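# Structural characterization, general
Below, each chain spelled out in residue letters.
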Protein chains: 2
Amino acid sequence: MMVGGVAGLLPAKRAGGHVHMQNTLSRDETAEVILTLTRQVLAAPDVSSAVRPLLEAFVQRTAADGGAFFQVDGSVFHARAAQGDMPTGPAMESILTHGLPGDTPLLRALTTSDAPIIVDDTSQSPETAGFPALGVASLAAVPVLDRQGTLLGAFLAHTFAPHAWTESESTFVAATTGTITGLTARLLAEEAAVAARDGALRALGMALDERDRETKGHTDRVTALALRLGRSLGLDERTLTALRWGAYLHDIGKVCIPDTVLRKPDQLDETEWRLIRTHPVLGQSFCAQLPFLPDDSLAVIRHHHEQWDGNGYPDGLAGEAIPFVARLFAVCDVYDALTSERWYKQAWTHGGALAELSSQAGRKFDPAIVVAFIELAPAPFPNGRTVAGRHLT
Amino acid sequence: MMVGGVAGLLPAKRAGGHVHMQNTLSRDETAEVILTLTRQVLAAPDVSSAVRPLLEAFVQRTAADGGAFFQVDGSVFHARAAQGDMPTGPAMESILTHGLPGDTPLLRALTTSDAPIIVDDTSQSPETAGFPALGVASLAAVPVLDRQGTLLGAFLAHTFAPHAWTESESTFVAATTGTITGLTARLLAEEAAVAARDGALRALGMALDERDRETKGHTDRVTALALRLGRSLGLDERTLTALRWGAYLHDIGKVCIPDTVLRKPDQLDETEWRLIRTHPVLGQSFCAQLPFLPDDSLAVIRHHHEQWDGNGYPDGLAGEAIPFVARLFAVCDVYDALTSERWYKQAWTHGGALAELSSQAGRKFDPAIVVAFIELAPAPFPNGRTVAGRHLT
């Protein structure tokens, strides 16, 4: 986020703003501009990038000194992108840190109106209470509403000097409403649905962690490890997503295995082992209910207990016949099991676990993947707990 | 889907087509048209409705007799919407039933090109093999690609008589690419993520059904019942969605309860009952990991064992202090438990279960909801199994 000094930049900016204001847009030109914006928004890789073209357009095509997009997050609105010169000072710092409260008069006004709000003098309008203290003299606010009329976010563009918004500027602001804002709303909906899908898949894996307090945190830790290793091995984003989902769900087949076996404090007998060894196949058939899961996710679920030498289960695959993501995941899964405490063993040290992985390279594990894993973490991961945390994601 | 007679409609349509073809669009007019289409697409409630404006535009603004949108679904493309006159006959029937195979030459060509394909004479182009047999003489095909370049769908517009596509028509078709098709791709992505989120939440509930073979199917049956009752009581779509998610997850807290208690073949003792009764609170705290879950979903999870007279758990709420969706769900949950077989009891008949619900109206249950439930199903639901099936959804 650019936060420029206000005083120093104002004169130059004013001049620039005036040049643009003379350049009034015809109706057809506005259509072209909106269409270009639409294409830019659609081409953006994420919502933060998608909202930038409109913010840039505000700065370039109106007198606005700067603008920001605020997105609702519970009861506050957080800035997700900004362009041009933004207000500075403690009040702005607070907004950047804590968000703009949803009961800010401007946001309340946007909630009850689906039209943009344009205010020439923020000190004269009750809707813009609070903005004069930020140094904002005039502003244009465009609501982003979902189809039920709920406010999802808002584009705010401001000037630091007093400014009477021209008809041409108002027309431009109005033209962005319904197209660019509608598109933004759909992108926000897509983003929310993607996050929710991911959260639900993670919760599915965590349901097992909940059942077995001893493996608590295993799903998150092993997922973070697998993603880090996958990234270092150059997997593309699509494969990483499939790997993440496979990691979440790798042991889901264990939901079908009774506690008496799963949590048995003694050694398992042969019948019980046979039951445990059904979990990859049960997991795969359970996950067949999720038609959107890619093949690589299912490969992790079915084949994470295969071994490089062919002595694993369920299919006894060997070497490169084992899907790559499953070979990769197996190394991470065993590392986390070794370095975690169990009722029957202490947690291994990082070094001890790496030595064990090395000794099994070419036997249980793909040797190239073991090398990559060790290169990734020649020193211990920053203590057991944070392996699952932000350091590795 | 309109499937009109070809021969009878052709002459009139040809005339119409020619009128439009004379009406060539300037660059600015095209921008206006695309912008209008964009607004219509954004305002549409679902993907099927969203693709219609472009199909209509093809029929109105080009010589196309008709057009359809095909969406990828595994290895085939299914028609999701059509406008104007469509081909008829056995080959078309087969496409409508089984979809257009992904290895159809045209779809393969669209996969390797991100530009529209326009063919004046389908009998002369290898890319349009198969189309002459449908009676399609000329066609325009516009690919819908995701950002990785994967083909998600295609707009196909056709004429039954030979037609040389004009430059104006080609310009219009090209102008829809990148804006309308990009927007369609994002809507498809949103739709897929929404479906995946729902599938994952359902799977989370089903994981419990898997663990306890005896309650197999309970999640789906009780969800279908609750939605049917909710709809009859006039709940809006947003509340119905929250109710569906709550129904999927109502017993998720049981993941924390060991098999020895959950599947105990004998009567539970007081300690075990106390453990069972923790499941609504455990479920709510587990589901707090899913920040997108609405309050009504959490209300179902926490309060589905409350009773109208205040004798339920976990909070001992009474009457209207119990959230409405939880009161509604409780009736469905008990109905399904009564009419299902358990190791300790036979399945009750529909009539017997309704009599039990009636006798508990005003005690366990909100009497108004019991009345609504009985009105919904004065006769038995069409046998136990299909209560969960399409009849009720």
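Residues numbered from 1 in each chain as written. Chains lettered and ligands numbered in written order. Predicted model: local features only at pLDDT ≥ 70, side-chain atom pairs only at ≥ 80, totals over all residues. Heavy atoms only, no water.

## Considerations on the packing of aromatic side chains
Residue and element names in this part refer to chain B. Applying the stated criterion across every chain, the model contains 8 aromatic pairs over all chains. Ring geometry for W245 and F292: centres 5.8 Å apart, planes at 90 degrees, overall edge-to-face. Taken together, the residues W245 in helix 9 (residues 237-249) and F292 in the loop between helix 12 (279-287) and helix 13 (295-303) connect sequence positions 47 residues apart. (Phe/Tyr/Trp six-rings, centres within 6.5 Å; stacked < 30°, edge-to-face > 60°. Helix = DSSP H or I, 4+ residues; strand = E, 2+ residues; numbered from the N terminus.)

## Quick word on unusual backbone geometry
For the bond from A:Y313 to A:P314, the omega torsion is 5 degrees, close enough to zero to count as cis. Structurally, the position occupied by A:P314 is in the loop between helix 13 (295-303) and helix 14 (324-338).

## A word on the sheet that holds strand 4 (residues 117-119) of chain B
All names here are of chain B. Read across the open sheet, the 6 strands follow the order 3-2-1-6-5-4; overall the sheet is antiparallel. Every interior strand has two partners, whereas the edge strands, strand 3 (100-101) and strand 4, have only one. Direction of pairing for strand 1 (residues 66-73) relative to strand 2 (residues 76-84): antiparallel, over a ladder of 8 bridges. Across the sheet, V72 pairs through a bridge with F77, a residue of strand 2. Each of strand 1, strand 2 and strand 3 is contacted by helix 4 (residues 90-98), which is oriented at about 115 degrees to strand 2, the strand it contacts most. (Pairing = 2+ DSSP bridges. Contact = heavy atoms within 4.5 Å. Axes fitted to C-alpha atoms, helices over the stretch in contact; angles between N-to-C directions.)

## Thoughts on the packing of helix 3 (residues 47-61) of chain A against helix 6 (residues 167-176) of chain A
Residue and element names in this part refer to chain A. Orientation of helix 3 relative to helix 6, taken along the N-to-C sense of each, is 170 degrees, at an axis distance of 11 Å. By the angle class used here, helix 3 and helix 6 are roughly antiparallel. Between helix 3 and helix 6, the contacting residues are L54, A57, F58 and R61 on the first element and E169, F172, V173 and T176 on the second. Looking at the contact of helix 3 with helix 6 residue by residue, the classes come out as 5 nonpolar, 1 polar and 2 charged. (Parallel < 35°, antiparallel > 145°, perpendicular 65-115°, else oblique. Nonpolar A, V, L, I, M, F, W, Y, C, P; charged D, E, K, R; others polar.)

## Considering the interface of chain B and chain A
At the interface, 51 residues of chain B touch 51 residues of chain A. Ranking the residues of chain B by area buried against chain A places B:L42, B:R186 and B:E190 at the top, with a combined share of 13%. In this structure, the connection of chain B to chain A is made through 4 salt bridges. In this structure, B:D146 engages A:R238 in a salt bridge whose closest nitrogen and oxygen atoms are separated by 3.0 Å. Linking chain B with chain A are 14 residue pairs in polar contact (both at pLDDT 80 or more), by the criterion used here. Of all the secondary-structure elements, those providing two or more residues to the side of chain B that touches chain A are helix 2 (27-43) and helix 7 (180-211) of chain B. Tallying contributions element by element places helix 7 of chain B first for the side of chain B that touches chain A, with 20 residues. (Buried area = accessible area lost by both parts, 1.4 Å probe. Salt bridge = Lys/Arg side-chain N within 4 Å of Asp/Glu carboxyl O. Polar contact = N/O pair within 3.5 Å; in protein donor to acceptor, adjacent residues only side chain to side chain.)

## Focus: helix 12 (residues 279-287) of chain A
Within helix 12 of chain A, the full set of buried residues consists of A:H279, A:P280, A:G283, A:F286 and A:C287. The arc that holds the buried residues of helix 12 of chain A, viewed along the axis, is 125 degrees, so those residues lie on one side. Check the buried side of helix 12 of chain A and you find it contacts helix 7 (180-211), helix 9 (237-249), helix 11 (270-276) and helix 13 of chain A together with helix 7 of chain B. (Buried < 20%, exposed > 50% of the residue type's maximum accessible area, 1.4 Å probe, protein only. Arc of directions from axis to C-beta.)

## Concerning the confidence of the model for chain A
All names here are of chain A. Of the residues in chain A, 88% have a pLDDT of 70 or more, and the chain-wide mean is 86. Of the regions scoring below 50 in pLDDT, residues 1-23 engages in 37 contacts with residues more than four places distant in sequence or in other chains. A low-confidence stretch, residues 383-393 stays under pLDDT 50, and its non-local contacts, those more than four residues away or across chains, total 20 contacts. (pLDDT = per-residue confidence, 0-100.)

## Side note on the nonpolar core
Of all hydrophobic cores here, the largest spans 66 residues; its most connected members are A:F155 and B:F155. Those residues in contact with A:F155, other than ones at most four positions away along the chain, are A:V51, A:L54, A:L55, A:F58, A:A68, A:F69, A:A140, A:A141, A:V142, A:V144, A:T181 and A:T184. Counting 38 residues, the second largest nonpolar core, distinct from the first, contains A:L201, A:M206, A:I252 and B:L290. (Core = buried A, V, L, I, M, F, W, Y, C linked by side-chain atoms within 4.5 Å.)

## Observations regarding the sheet that holds strand 5 (residues 138-145) of chain A
Residues and elements named next belong to chain A. Taken in spatial order, the 6 strands make up an open sheet running 3-2-1-6-5-4, and their pairing is antiparallel. Each edge of the sheet is formed by a strand with only one pairing partner; in this case those strands are strand 3 (100-101) and strand 4 (117-119). When strand 5 meets strand 6 (residues 151-159), the two strands line up antiparallel, connected through 8 bridges. The residue of strand 6 that forms the bridge with L139 is H158. Lying over the sheet, helix 3 contacts strand 1 (66-73), strand 2 (76-84), strand 5 and strand 6, oriented at roughly 55 degrees with respect to strand 2.

## Some thoughts on helix 16 (residues 367-376) of chain A
All names here are of chain A. Taken together, the buried positions of helix 16 are occupied by I369, V370, A372, F373 and L376. Considered in projection along helix 16, the buried side chains sweep an arc of 160 degrees and stay on one side of the axis. Exposed positions of helix 16 whose direction lies more than 90 degrees from the buried face are A368 and E375. Buried residues along helix 16 sit in contact with helix 8 (218-232), helix 14 and helix 15 (350-359). Where helix 16 begins, the capping side chain belongs to D366, and its oxygen is found 3.0 Å from the backbone nitrogen of A368.

## Observations regarding the side chain of B:Q71
Residues and elements named next belong to chain B. Along the polypeptide, Q71 turns up in strand 1. Within the structure, Q71 has its side chain in polar contact with the side chain of R80 (distance 2.6 Å). Residues within four places of Q71 in sequence aside, it is in contact with V76, F77, H78, R80, L152, G153, L188 and E191.

## Some thoughts on the relation of the copies chain B and chain A
Aligned on chain A, chain B shows an RMSD of 0.1 Å; the corresponding rotation is 180 degrees and the shift along the axis is 0.1 Å. Both chain copies can therefore be described as sitting about a two-fold axis. (Least-squares fit on C-alpha atoms with pLDDT ≥ 70 in both.)

## Details of the pairing of strand 5 (residues 138-145) of chain B
Two faces belong to every sheet, and in a regular strand the side chains alternate between them. Counting buried positions over the 8 residues of strand 5 of chain B gives 7, a clear majority of the element. Linkage of strand 5 of chain B to strand 6 (residues 151-159) of chain B, two consecutive antiparallel strands, is achieved through a turn of 5 residues, within which B:G149 is found at a positive phi near 85 degrees.

## Description of the pattern of salt bridges
All names here are of chain A. Following the criterion strictly, the structure yields 20 salt bridges over all chains and no others. The salt bridge partner of D220 is R202, with a shortest N-O separation of 2.7 Å. Here R202 lies in helix 7 and D220 lies in helix 8, a separation of 18 residues in the sequence. Residue classification places D220 among the partly exposed positions, given a relative accessible area of 22%. One salt bridge connects D366 with R327, and the closest N-O pair in it is separated by 2.7 Å. Taken together, the residues D366 in the loop between helix 15 and helix 16 and R327 in helix 14 connect sequence positions 39 residues apart.

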